[in-house]
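Fold and geometry: a report
What follows is the residue order along each chain.
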Amino acid sequence: MIVVDFESTCWENSWEKQDQEIIEFGAVKLDLKNRIITDSFQALVKPRNNPKLSEYCINLTRIQQAEINKAQSFENIANRFNKWCGSKNAHILASWGRDDLILQKECFENGIEWKLSKDHINIAFLFREKYTEENEPKYSLERALKLLGIPFEGQPHRALNDAAMTAKLMLKITGDD
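All residue numbers refer to position in the chain's written sequence, counted from 1. Thresholds applied to this predicted model are a pLDDT of at least 70 for local features of residues and 80 or more for the giving and counting of side-chain atom pairs; totals over whole chains, interfaces and linings are not thresholded and use all residues. Values reported for side chains reflect all heavy atoms of the structure, with hydrogen atoms and water molecules removed beforehand.

Points about the overall build of the chain
If you tally the helices and strands in the chain, you get 7 helices and 5 strands. Scanning the chain from its N terminus toward the C terminus, one meets helices and strands in the order β-β-β-α-α-α-β-α-β-α-α-α. Taken against the 2.2 N^0.38 rule, which gives 16 Å for 177 residues, the C-alpha radius of gyration of the chain at 16 Å falls within 12% of a compact globule. Over its C-alpha atoms, taken along the principal directions, the chain stretches across nearly 45 × 40 × 25 Å. Each residue is placed in one exposure class: buried if its accessible area under a 1.4 Å probe, protein chains only, is under 20% of its type's maximum, exposed if it is over 50%, and partly exposed if it falls in between. When each of the 177 residues of the chain is scored for burial, the buried share is 46%. Sequence separation of at least 24 residues holds for 66% of the intrachain contacts in the chain that already meet a minimum separation of 6. Here the chain contributes 24 positively and 27 negatively charged side chains, and the mean placements of these two sets differ by 4 Å. Secondary structure elements are taken from DSSP: a helix is a run of H or I of four residues or more, a strand is a run of E of two residues or more, and numbering for both begins at the N terminus. Our radius of gyration looks at C-alpha atoms and nothing else; its globule reference is 2.2 Å times the residue count to the power 0.38. For this analysis, residues touch if any pair of their heavy atoms sits within 4.5 Å. Asp and Glu are treated as the negative residues and Lys and Arg as the positive ones, with His and the ends of the chain left uncounted. Charge placement uses NZ in Lys and CZ in Arg. For Asp and Glu, CG and CD serve respectively.

Below you can see the structure in the form of structure tokens.
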């Protein structure tokens, strides 16, 4: 299983997903049988349409404009990510929410063939099914971790840290860890 998280361009008081572009890939390979993270992938991406980050985005992610200015294009990072993932359908993609759709959208917009499995596990959905009541509001990743007594490691809203913490949450949901 590959657990992914992406950080995207964002603006205060505006959550219009159609304008967002990925600025950071984070992913871990999760071996559910042995219950361990076996590998990780992290890369910053220079957005094509909105290359200047908003102050809100910088404050939320702590990704600096200078880092983005030096980053590679989405096409380069997506191709590296595909290579890191391995052969098509070798791994199921999982995320907190539907980050797979963000990746598919950007691949389509950049003319990159989707080489990953179309199967996806929404870990937020699994969490809600197991731990919350029907009418409760949605939980953020940080709130879900706190409910289950899992301390957040690293910086929230950084893709690799969020992917790793989502993987730890998946281990908790699927077992006794």
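Re helix 4 (residues 99-109)
Looking at helix 4, one finds that the buried residues are Asp99, Asp100, Leu103, Glu106 and Cys107. Summarising the axial view, the buried residues of helix 4 lie within an arc of 130°, below the 170-degree limit, and thus occupy one face. Looking at the packing, one finds that the buried side of helix 4 touches strand 1 (2-8), strand 2 (22-31), helix 3 (74-85), strand 4 (93-95) and strand 5 (120-122). Where helix 4 terminates, the next one or two residues include Gly111, which has phi positive at roughly 70°. Our arc is simply the arc of the directions from the helix axis toward the C-beta atoms.

Digging into the packing of helix 5 (residues 123-131) against helix 7 (residues 159-174)
Running from N to C, helix 5 and helix 7 point in directions that differ by 35°, and their axes come no closer than 10 Å. Between helix 5 and helix 7 the crossing geometry is left-handed. The segment helix 5 lies against helix 7, with Ile123, Leu126, Phe127, Lys130 and Tyr131 engaging Thr166, Met170, Lys172 and Ile173. Charged residues are taken to be Asp, Glu, Lys and Arg, nonpolar residues to be Ala, Val, Leu, Ile, Met, Phe, Trp, Tyr, Cys and Pro, and polar residues to be all remaining types, Gly included. Split by residue class, the contact of helix 5 with helix 7 holds 6 nonpolar, 1 polar and 2 charged. Only the stretch in contact is used when fitting a helix axis, every axis being a line fitted to C-alpha atoms; angles between N-to-C directions are given from 0 to 180 degrees. The hand of a helix crossing depends on one turn: near helix anticlockwise from the far one by less than a right angle means left-handed, and clockwise means right-handed.

Some details on the environment of Met1
Secondary-structure assignment places Met1 in the segment before strand 1. Setting aside residues no more than four positions away along its own chain, Met1 makes contact with Val28, Lys29, Leu30, Leu32, His91, Ile92, Ala94, Ile121 and Met170.

Regarding the confidence of the model for the chain
The pLDDT value tells you how sure the predictor is about a given residue, anywhere from 0 up to 100. Residues of the chain with pLDDT of at least 70 account for 95%, and the chain-wide mean is 91. The least confident element of the chain, judged by mean pLDDT, is helix 4 at 89; the most confident is helix 2 (residues 65-70) at 98.

Structural notes on the nonpolar core
We call a set of buried residues a nonpolar core when its members are Ala, Val, Leu, Ile, Met, Phe, Trp, Tyr or Cys and they connect through side-chain atoms within 4.5 Å of each other. In this structure, Val3, Leu30, Trp96, Ile123, Phe127 and Leu169 are the most contacted members of the largest nonpolar core, which totals 22 residues. Breaking this core down by element, the ones donating at least two residues are strand 2, helix 5, helix 6 (141-147) and helix 7. The leading source of residues in this core is helix 7, at 7 residues. Within the second largest apolar cluster, 21 residues are counted, among which are Ile2, Ala43, Phe74 and Leu116.

Thoughts on the sheet that holds strand 4
For two strands to count as paired, DSSP must find a minimum of two bridges between them. Judged by pairing direction, the sheet is mixed, and its 5 strands sit side by side in the order 3-2-1-4-5 without closing on themselves. In this open sheet, the two edge strands, each paired with only one partner strand, are strand 3 (36-44) and strand 5. The sheet shows a mean angle of 25° between the axes of neighbouring strands, direction not considered. The pairing of strand 2 with strand 3 spans 8 bridges and is antiparallel. By the bridge assignment for strand 3, Gly26 is matched with Gln42.

Examining the side chain of Glu24
Structurally, the position occupied by Glu24 is in strand 2. Discounting chain neighbours no more than four positions away, the residues touching Glu24 are Asp5, Phe6, Glu7, Gln42, Ala43, Leu44, Val45, Ile63, Arg158 and Ala159.

Focus on the packing of aromatic side chains
Note on ring pairs: Phe, Tyr and Trp rings are taken, using the six-membered ring of Trp, and paired if centres are within 6.5 Å. Classes follow the plane angle, with under 30 degrees stacked, over 60 edge-to-face and the rest tilted. As enumerated under the stated definition, the model contains 10 aromatic pairs in all. The interplanar angle of 70° and the centroid separation of 6.2 Å between the aromatic rings of Phe25 and Phe41 together place this pair among those described as edge-to-face. One end of the pair, Phe25, is in strand 2; the other, Phe41, is in strand 3, and 16 residues separate them in sequence. Between Phe81 and Trp84, the aromatic rings sit 5.9 Å apart at their centres with planes inclined by 25°, giving stacked as the arrangement.

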